[in-house]
Amino acid sequence: MNLLNDYKNGLLILLMLFSGGRVAAQVDTAFKQLKLTFPTYLKMVGEHNLGYAAEKFKVSIAQADALSAKVFPDPELSFGVGDHGQRRMKMGYEISSGLSYTLELGGKRRARINLANREAELAQLLLDDYFRNLRVDASAAYLNAIKEKELLRVKMNSYEMMRRLSSSDSIRLKLGAITAVDARQSRLEAASQLNEVFQQEADWKAAVANLNLLIGSKQQDLFYQPEADMKKLDRVFNLQELILNAQNRRTDLLAALKSNEISVSLLKLAKASRTLDLGLSLGLASNSVVANAVAPTPSSTNVTIGFSIPLKFSNQNQGALKSARYGVQQAEVLYKQTELQIQTEVTQAYYNYLASRKQVAQFGEGMLLDAQKVLDGKVYSYKRGETSLLEVLTAQRTFNDVQQSYLETLNVHGNALLELERAAGIWDIEF
């Protein structure tokens, strides 16, 4: 009997040695992989993200508009020539020229400049807010790529164990230790888990390809591989401090405040536009000699200086002024709404983060170790003929579910931290 057991064990060991290392060949690793640390990744996002680069042009455009607002009205130069019947009646001719200029009153130019400057400052704040959100979204993509790689590792290990178990079952079937149904079941389970490996491989590559998009990489055969310890994503916060910090530093709240300033500037410009402008003019006219026998006249030069005042009947319509006033009131309400929304977002993100910390801590109290011990015990008992294959499969699925839940919980915890820092307007993520 001992000799038979030794023979069986020897065959199992030879089979494992022969089949070991074949799992890695199931996963396509033909593409180039380059390790990428988190600080380097965020730097590349800030420097090469195409969406962020496009947003920067909005700031440049707003700054250019601010320069345009400083331009004074252009003067107008005119010329004219008049023929008074020179050839037929010898009445001579006239050459005239004029220069006119509109003098803006009421501080219109200053109001336009102030408005353009506020809009340029708003564009910069919106750009900062865009990067604030981009940084969080890019970090979430980084964490997701790590999670998908770890899930691939879990499913590869699961398939490897089932494949070896299926191989050993084939030998045990020949030795008469198990039934054909059990051997067939283990083969089907191994094939099913291999399909899961293939799907998870695709999910992992898709997550890594998304990193290339965020860093603006066009290299199709190069994939950046994130590396980080997600267990380091743990912080302790005070809710009131977070809310206060958000109200002082959130770029979208600062943008709302700047929008309020812009609405005030629009009101000032609307008031200034109702002021009358003064038109100034300077004219010069030269008349040639009139040789007509009836009324001969010597040549002459006339200089005229004048001004004009438009009759602004349009000021009777106060629609533009009322619209600007309503805009100021609306901006004030929107600012208060944004302030309240930020307080709510911080509070919600804070409690979500606390919940995720508790979930991670629960896994740290032995769930993974217990699931592993149960699986090892079931496999050991199955090989000794003391338990059924169904119990082994149930234990393995439980173990896989626990591992996947743990990875998902770590990812949820990381994202909860990212969302909390997004809501609070802070950033101290390092791992």
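Look up a bit, the structure's there.
Since the structure is predicted, the reported quantities are computational estimates derived from the model, not experimental observations.

Right, let's talk about the environment of alanine 54 for a bit. Position of alanine 54 relative to the elements: it lies in helix 3 (residues 50-68). Sequence separation of alanine 54 and leucine 127 is 73 residues, and the distance between their C-alpha atoms is 10.0 Å.

In this structure, the second largest pocket encloses a volume near 340 Å³. Looking at the second largest pocket, it is lined by 18 residues, and the ones nearest its centre are Ile146, Glu150, Arg153, Met230 and Leu407. For the lining of the second largest pocket, the elements supplying multiple residues, two or more each, are helix 5 (108-174), strand 4 (222-226) and helix 10 (389-424). Counting residues per element, the lining of the second largest pocket draws most heavily on helix 5, at six residues. Its residues assigned to classes, the lining of the second largest pocket shows ten nonpolar, two polar and six charged.

The topology assignment puts asparagine 212 in helix 6 (residues 180-214). The residues contacting asparagine 212, other than those within four sequence positions of it, are Ser217, Gln219, Leu222, Phe223 and Tyr224.

Take the nonpolar core next. Within the largest apolar cluster, 72 residues are counted, with the highest numbers of intra-cluster contacts made by Tyr41, Phe237, Leu242, Val346 and Phe431. Contributions of two or more residues to this core are made by helix 2 (38-48), helix 3, helix 5, helix 6, strand 4, helix 7 (239-249), helix 9 (319-383) and helix 10. With 16 residues, helix 5 is the largest single contributor of residues to this core. Core analysis: the next-biggest nonpolar cluster, separate from the first, contains eight residues, Ala111, Leu125, Ala255 and Ile262 among them.

Direction vectors running N to C along helix 7 and helix 10 enclose 55°, while the axes themselves pass 7 Å from each other. Judged by the angle between their axes, helix 7 and helix 10 are oblique. Where helix 7 approaches helix 10, its residues Leu242, Asn245 and Ala246 are matched on the opposing element by Leu420, Ala423 and Ala424.

About the cut-offs
- Residues numbered from 1 in each chain as written.
- Predicted model: local features only at pLDDT ≥ 70, side-chain atom pairs only at ≥ 80, totals over all residues.
- Heavy atoms only, no water.
- Helix = DSSP H or I, 4+ residues; strand = E, 2+ residues; numbered from the N terminus.
- 1 Å grid on protein atoms, 1.4 Å probe; cavity = no way out; pocket = protein on both sides within 12 Å on 5 of 7 lines; lining within 4 Å.
- Points joined across faces, edges and corners; volume = space filled by probe spheres on them.
- Nonpolar A, V, L, I, M, F, W, Y, C, P; charged D, E, K, R; others polar.
- Contact = heavy atoms within 4.5 Å.
- Core = buried A, V, L, I, M, F, W, Y, C linked by side-chain atoms within 4.5 Å.
- Buried < 20%, exposed > 50% of the residue type's maximum accessible area, 1.4 Å probe, protein only.
- Axes fitted to C-alpha atoms, helices over the stretch in contact; angles between N-to-C directions.
- Parallel < 35°, antiparallel > 145°, perpendicular 65-115°, else oblique.

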